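Below are the chains, spelled out letter by letter.
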Amino acid sequence: MTVAVQGAGRPKLLGLDRSGLESLLVEWGEPRFRAAQILQWLHARQIHEFAQMSNISKALRARLEQDCDLAEPEIVREQQAADGTRKWLLALPDGNAIETVFIPEEDRGTLCISSQVGCSLACSFCATGAQGLSRNLETHEIIAQIRVARRALGLEAISNVVFMGMGEPLLNLKQVLPAIRLLLDDFAYGLSARRVTVSTAGVVPGLAQLGRESPVNLAISLHATRDEIRDELVPINRHYPLAELLAACRAYPLPPRRRITFEYVMLEGINDQDQHARELVRLLAGMPALVNLIPFNPFPQARYRRSGNARIDAFRDIILRAGLMTVTRKTRGDDIAAACGQLAGQVREGRSSVPLRVMG
Ligand code: SAH
């Protein structure tokens, strides 16, 4: 990889993974091993001044400072929900804005990050989907979300990262994969692969690439058990229907003792009947699966209602009795529109007819 992939202008230092940084250093006639040292300063210790890099020569520090860009998005708004969930709205230099959410739990702290500005997949129950896509995020913009959160919360607060914010990560693998490599790199964020999850609406070709290149957890936004329902909820199903998606999941090179998470949003009267639960059990038979039931989170213009708790429990019980593992996702941060599917940011030139607005 050369630094040229980071786009025009000065290299965005925060978006270079180890091999990207090595290429840059080698180009400059520096030894490769400096890459690990620099990564450690930039990410593990998260310094903001090159002068703090005490084991790097003054000359190299000066060159980094002069030739590289360390810019980060600006925090436009920071909100905290009653349950402790936090949300940041970050402005990008081109007028776009993205959202990032931190969900504290007793045994972990999960950061939910965005991979695109808006989303092209137009899932009918998702606020981001209503906006259309403005553009892909660059690696440094993905990583900046982690830095912003760690600056606010402390360097140890984030134990898990999920690509479940705005956007479809498998449609931006070119920028997402180096970000994942930084998350897993011991000299950068040092997360174990089981603590990083990529969620997809079912971009089948991207699944194969992710499986080849990265050992992170996989979550599939399934949401329906029949093509005629899924075509409506998750329109990319018209390109990659259920049979194809599930075949790709069965072929996925899952590391030992891991399960694929299947997300299933509970929409009243649409996909939440007993019959659907039984179909779900049949679809996932024989797969190492975890079903994650997500109570629908409403947003302005939404055309669905959340299934009642009793309905969700009945649905869950059918799955459990069939021997599948299942959990119901707790709704977090909905008082600041930070719950699943509520992220909106600000999307320039999205192809949406829905009025664009900043949430919160
Ligand atoms: N594009 C990826 C990443 C988004 S992840 C994907 O589709 O998987 C966000 C998760 O929240 C997905 O499972 C998504 O389907 C779900 N979601 C979207 N809108 C929602 C809503 N209004 N209520 C509950 N879950 C929602």
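Overview of the structure.

Basis of the calculations
In every chain, residue numbers begin from 1 and rise along the written sequence. Where local features are concerned, this predicted model is filtered to residues with pLDDT of at least 70; where side-chain atom pairs are given and counted, the filter is 80 or more; whole-chain, interface and lining totals use all residues. The basis for every side-chain value is the complete set of heavy atoms in the structure, and neither hydrogens nor water enter the calculation. For each residue, the test is whether any non-hydrogen atom lies within 4 Å of the molecule or strand; if one does, the residue is near. Between N or O atoms, a polar contact is any pair within 3.5 Å; within protein, one atom must be a potential hydrogen donor and the other a potential acceptor, and residues adjacent in sequence are included only when both atoms are from side chains. Using a 1.4 Å probe, the Shrake-Rupley method yields the accessible areas, and only the shown protein chains count as cover for residues. We place a 1 Å grid over just the protein atoms. Points where a 1.4 Å probe fits but has no way out form a cavity, open points with protein on both sides within 12 Å along at least 5 of 7 lines form a pocket, and any residue with an atom within 4 Å of a point lines it. More than half of a molecule's atoms within 2 Å of the grid points is what it takes for that molecule to sit in a cavity or pocket. Put simply, DSSP marks the helices as runs of H or I at least four residues long and the strands as runs of E at least two long, and each gets a number from the N terminus on. Polarity classes work like this: nonpolar for Ala, Val, Leu, Ile, Met, Phe, Trp, Tyr, Cys and Pro, charged for Asp, Glu, Lys and Arg, and polar for all others, with Gly in that last group. To define axes, lines are fitted to C-alpha atoms, for helices over the stretch in contact only, and angles between the resulting N-to-C directions are given on a 0 to 180 degree scale. These descriptions rest on fixed angle ranges, namely under 35 degrees for roughly parallel, over 145 for roughly antiparallel, 65 to 115 for roughly perpendicular, and the rest for oblique. Crossing handedness: left-handed means the near helix sits turned counterclockwise from the far one by under a right angle, and right-handed means the same turn made clockwise. The contact criterion used throughout is that any non-hydrogen atoms of two residues lie within 4.5 Å. Criterion for a salt bridge: a side-chain nitrogen of Lys or Arg within 4 Å of a carboxyl oxygen of Asp or Glu. Three exposure classes are used, based on accessible area relative to the maximum for each residue type with a 1.4 Å probe and protein chains only: buried under 20%, partly exposed in between, and exposed over 50%.

**Some remarks on the site of the ligand**
Taken together, 20 residues lie around the ligand, and Phe125, Ser199, Ser221, His223 and Asn297 are the ones closest in. Within the backbone of Gly167, an N or O atom sits 3.0 Å from a nitrogen atom of the ligand. One of the backbone nitrogen or oxygen atoms of Thr200 is found 3.3 Å away from an oxygen atom of the ligand. In isolation the ligand offers 530 Å² of accessible surface; the protein chains occlude 95% of this area. In this structure, the ligand is accommodated by the largest cavity. When contributions to the shell around the ligand are tallied by element, the ones reaching two or more residues are β8 (196-200), β10 (260-266) and β11 (289-295). Among the residues forming the shell around the ligand, the class breakdown is ten nonpolar, eight polar and two charged.

**What to know about the packing of helix α9 (residues 274-283) against helix α10 (residues 309-321)**
For the pair α9 and α10, interaxial distance at closest approach is 9 Å and the crossing angle is 30 degrees. In terms of orientation, α9 and α10 fall into the roughly parallel class. Handedness of the crossing formed by α9 with α10: right-handed. For the pair formed by α9 and α10, the contact residues are Asp274, His276, Ala277, Arg278, Leu280 and Val281 on the first element and Arg311, Phe315, Ile318 and Ile319 on the second. Looking at side-chain class alone, the contact of α9 with α10 contains six nonpolar, one polar and three charged residues.

**Overview of the pattern of salt bridges**
On inspection of all chains with the given rule, the structure shows 20 salt bridges. Residue Glu72 pairs with Arg147 through a salt bridge whose shortest N-O separation is 2.8 Å. Here Arg147 lies in helix α4 (residues 139-153) and Glu72 lies in the loop between α3 (58-67) and β1 (74-80), a separation of 75 residues in the sequence. Residue Glu72 is classed as partly exposed on the basis of its relative accessible area of 25%. Look at the salt bridges and you will find they share partners, linking Asp17, Arg181 and Glu213 into a network.

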